[in-house]
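# What the coordinates show
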Amino acid sequence: MNKHLLSMRDLTSEDVTRILDTADSFREVGTRVVKKVPALRGRAVVNLFYEDSTRTRISFELAAKRLSADVINFTAAGSSVAKGESLKDTALTLQAMGADAIVIRHASSGAPYALTQWVSGSVLNAGDGTHEHPTQALLDLYTIRERFGRLEGLRVAIVGDVLHSRVARSLTVGLATMGAQTTLVGPPTLLPPSAPTWGAETSYALDEVLPKADVCYMLRVQTERQRLQFFPTVREYARLYGLSRERVAQLPENAMIMHPGPMNRGIEIASDVADLPQAVIEAQVTNGIAVRMSLLYLMLGGEGDA
Amino acid sequence: MPERTIFRGVRLVDPAAGRDEHADVVVVDGVIESVDPAGKGSGTGEIVEGDGLVLAPGFVDLHCHLREPGWEDRETVETGSRAAAAGGFTAVAAMANTDPVADNAAVIQEVLTLAEKAGLCDVSPVGAITIGLAGEVLTEMGEMASLGVRMFSDDGHCVPRSRVLRMALEYARAFDVIIAEHCEDTSLSEGTHVHEGPTSEARRLGDTPPRPRRSSSRATSLWRASPEAACTCATSRPRGPLSWFAGPRARACG
Amino acid sequence: MSGGRLLDEAEIRRAVTRIAHEILEGNRGAESVVLVGIANRGDDLARRLAVEIERIEGTGVPVGALDITFYRDDIGLRSEAPEVHETRIDFDITGRTVVLVDDVLYTGRTIRAALDALVDFGRPTAVQLAVLVDRGHRELPIRADYVGKNVPTRHDEVVRVALTEVDGEDAVVVEEPA
């Protein structure tokens, strides 16, 4: 396993399979009364979150603790960062403390790469700017594989603000690596011009894509984008690209509905749709812990610094 | 019982087909059945003596103002349609600078309904690019397109902010519509009446610098930035494609 | 002991039958007994023992599988994190006698890890150990209660157990170092 996890492009299909297979075992640990194993006892995992994110941070924290590692949470608010400390100085401090792994979420694309220059531990990208969010993609791949028993040959539609979505980029790369087919759907203003290089097709017409989609993955749309005129009104966006009850009826029978959260009920996904059994949003959360445990175990369970 | 009409001895002018000839034209149930050289047309039916009058495909005006809703004292959909039909125009595109502005589905629907009621020619309402033609916020083009709107323009005004026009061009790609930009930089044209030249210099029409020729360069460069968008520069005489107009109730006028 | 076949299919079968009898004898019946096999192969052996016990006593015995990879004491010392197998213990072990089952007992570290894991599942009344082969060289104070065959070996030799469920045949062989 690679020392760092910065981008889905760093993982081969064998790597992904190994991560997902190992996550199965960690999911079983989550069903025990004592949801803990001593595998990473004595190791220190630092959560370095420059952006607010309750769910991802808690997911990593639980994952590390269930592996018996020590967890240090570092959030930007009320910290040395607020006093103006640079990423580099923070990194050097963590290095001096002996962090075995650093999980970093940052508003600037590429921050995790910079971090690898200053620390000797493993770096995990928990979301950098609009670039990538590989652990989210892996947990989504896990959820999809669990439902369908495979990833190869599946057709996935990713719908919404693809241009600004690091989740979309990571997931598209991951799906391509595992032999699945992705169609990116959204208004032309929110689809990246470079989409063909991601290995995906694009479409502006959601109603044409839905009948052929095994998985319908809805992205969150920020209403801020309306202010910047990426679309005229939230109402029109919901009309053209929102997953309504009527649209759900167009999906094939076994199709799965996913959303990385948090949801804008009523905008990209109708409120009653979010509660349908096809919508596996809660399972995504449970699987997230297992996948992150798998990553930490595989990355730290081998020899320390090679 | 099929309705048969024979236009005898007309001058058939069809530029698209390269035809300009004297002919007998037979129309059955609203569809042209045959075109024969003059005097050779056969069969029964109502006969319309052509007398060398021109018979042509209906003309299309891609840029007109029907002024309804809001300025019914100047023009209405009905009076405008009547004038169009009288001149051989079977289809017109009506610009959005009405009051209220045609920047939403409700006004578009109103114009469509008025045109249907008048029943004289096809009216294709043009939707505004920005709300109130103010050049700031995009209109719900998707919803208007679903009513059949095929062209959007803030005509009367240009869209002054390049960013807004660019977003409009990109967004419109999803709907197979045309964005028609009124190419006039008001910072240059304000207070002027004619283009620069010896006449305007001599007569100094208007207190301020004379009106320049079409300032199309900005729109052209935007077009290059977004090549798949369809953008046409429209001032008072359009030069857009005619082929996208397919009116189901187009009537032939002699 | 030089390289060669230690146990063939028939000998493995007899060993399993004998161990089954010994478990029943040592626990005065099957009533409070549960079997937990240590993946990989220990769980297949545990299942075979359960079948034998049912044949002899007429009663079934719960069987579970335990993967101890996360409890190993050498995590971070090998080049790659070791591969994980399935853990499935669908019954409560508290108040029962757990018989751990493994194919080969060597240094005893695997059993130590298994004991740690069991503690996370409950509090058994007692834990016993059944192994197919005991090859000596203990590094921890661990001993087996039931042994198929005692085989003295050199440290550099490799003892390989093949089971039909995993390897397509039944055999125990000792291999010379490469």
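Here, the structure is the one placed above.
Description of the structure in this document. The structure presented is a predicted model; accordingly, all values stated were derived computationally and were not measured. (Residues numbered from 1 in each chain as written. Chains lettered and ligands numbered in written order. Predicted model: local features only at pLDDT ≥ 70, side-chain atom pairs only at ≥ 80, totals over all residues. Heavy atoms only, no water.)

### Details of the overall build of chain C
So the rule is basically this: For helices the rule is a DSSP run of H or I covering at least 4 residues; for strands it is a run of E covering at least 2, with both sets numbered from the N terminus onward. The classification of residues rests on relative accessible area computed with a 1.4 Å probe and restricted to protein chains. Under 20% of the type maximum is buried, over 50% is exposed, and intermediate values are partly exposed. Contact between two residues is taken to exist if any of their heavy atoms lie within 4.5 Å; hydrogens are not considered.
When its secondary structure is counted, chain C shows four helices and eight strands. Secondary structure elements of chain C, listed N to C terminal, follow the sequence β-α-β-α-β-β-α-β-β-β-α-β. Taken along its principal axes, the extent of the C-alpha atoms in chain C is 45 × 40 × 30 Å. The buried share of chain C, taken over its 178 residues, is 53%. Pairs at least 24 residues apart make up 69% of the contacts formed inside chain C by residues separated by at least 6 positions.

### Regarding the arrangement of the chains
The interface with the highest contact count, out of two pairs of chains in contact, is the one between chains A and C. Here chain B and chain C are not in contact; the least distance found between their C-alpha atoms is 49 Å.

### Describing the interface of chain A and chain B
Quick reminder of the rule: A quick way to say it: buried area is the sum, across both parts, of accessible area lost when two parts are put together, with a 1.4 Å probe. When a carboxyl oxygen of Asp or Glu lies within 4 Å of a side-chain nitrogen of Lys or Arg, that pair is called a salt bridge. What qualifies as a polar contact is a pair of N or O atoms within 3.5 Å, subject to a donor-acceptor requirement within protein and to the restriction that residues adjacent in sequence count only when both atoms come from side chains. Each residue receives one of three labels: charged for Asp, Glu, Lys and Arg, nonpolar for Ala, Val, Leu, Ile, Met, Phe, Trp, Tyr, Cys and Pro, and polar for the others, Gly being one of them.
Contact with chain A, which involves 16 residues of that partner, is made by 16 residues of chain B. Approximately 1400 Å² of surface area, both sides summed, lies buried where chain A meets chain B, with 55% of it carried by carbon and sulfur atoms. Put simply, chain A and chain B have two salt bridges between them. The residue Glu 140 of chain B makes a salt bridge to Arg 235 of chain A at a minimum N-O spacing of 2.6 Å. At the boundary of chain A with chain B, the tally comes to 11 residue pairs in polar contact (both at pLDDT 80 or more). Counting residues per element, the side of chain A that touches chain B draws most heavily on helix α9 (residues 234-241) of chain A, at five residues. For the side of chain A that touches chain B, a count of residues per class yields nine nonpolar, four polar and three charged.

### Some remarks on the sheet that holds strand β6 (residues 146-150) of chain C
Within a beta sheet, neighbouring strands are joined by backbone hydrogen bonds and run either parallel or antiparallel to one another. All names here are of chain C. The condition is simple: What makes two strands pair is DSSP finding at least two bridges between them. To obtain each axis, a line is fitted to C-alpha atoms, and for helices this fit is confined to the stretch in contact; angles are then taken between N-to-C directions over 0 to 180 degrees.
Taken together, five strands build an open sheet; the order of strands is β3-β2-β4-β5-β6 and the sheet is parallel. Unpaired on one side and paired on the other, β3 (63-66) and β6 mark the two borders of the sheet. Taken over all neighbouring pairs, the strand axes of this sheet differ in orientation by 25° on average, direction set aside. Pairing between strand β2 (residues 33-38) and β3: four bridges, direction parallel. Within the sheet, the bridge partner assigned to Ile 38 lies in β3 and is Leu 66. Packed on one face of the sheet, helix α1 (residues 9-26) meets β2, β4 (97-105), β5 (126-134) and β6 and runs near 150° to β6.

### Re the pattern of salt bridges
Residue and element names in this part refer to chain C. Per the counting criterion, the structure on display carries 41 salt bridges over all chains. Between Glu 22 and Arg 18 there is a salt bridge; the shortest N-O distance is 3.2 Å. Placement of the pair is Glu 22 and Arg 18 together in helix α1, with a separation of four residues, close to one helical turn. Overlapping salt bridges bring together Arg 154, Asp 156, Glu 157 and Glu 176 as one network.

### A closer look at the sheet that holds strand β5 (residues 155-159) of chain A
Residues and elements named next belong to chain A. The five strands lie next to each other as β7-β6-β5-β8-β9, forming an open sheet whose pairing is parallel. At either end of the open sheet lies a strand with only one pairing partner, and these are β7 (201-203) and β9 (256-258). Sheet twist, expressed as the mean angle between neighbouring strand axes with direction ignored, is 20°. Pairing of strand β6 (residues 181-185) with β7 involves three bridges; the strand directions are parallel. Counterpart to Leu 184 in the pairing with β7 is Thr 202.

### Description of the environment of Ala 168 of chain A
All names here are of chain A. Considering the arrangement of structural elements, one finds Ala 168 in helix α6 (residues 166-177). Ala 168 sits in the buried class, given a relative accessible area of 0%. Between the alpha carbons of Ala 168 and Glu 132 there is a distance of 8.1 Å; along the sequence they are 36 residues apart. Setting aside residues up to four positions removed in sequence, Ala 168 forms contacts with Ile 158, Val 162, Trp 198 and Leu 219.

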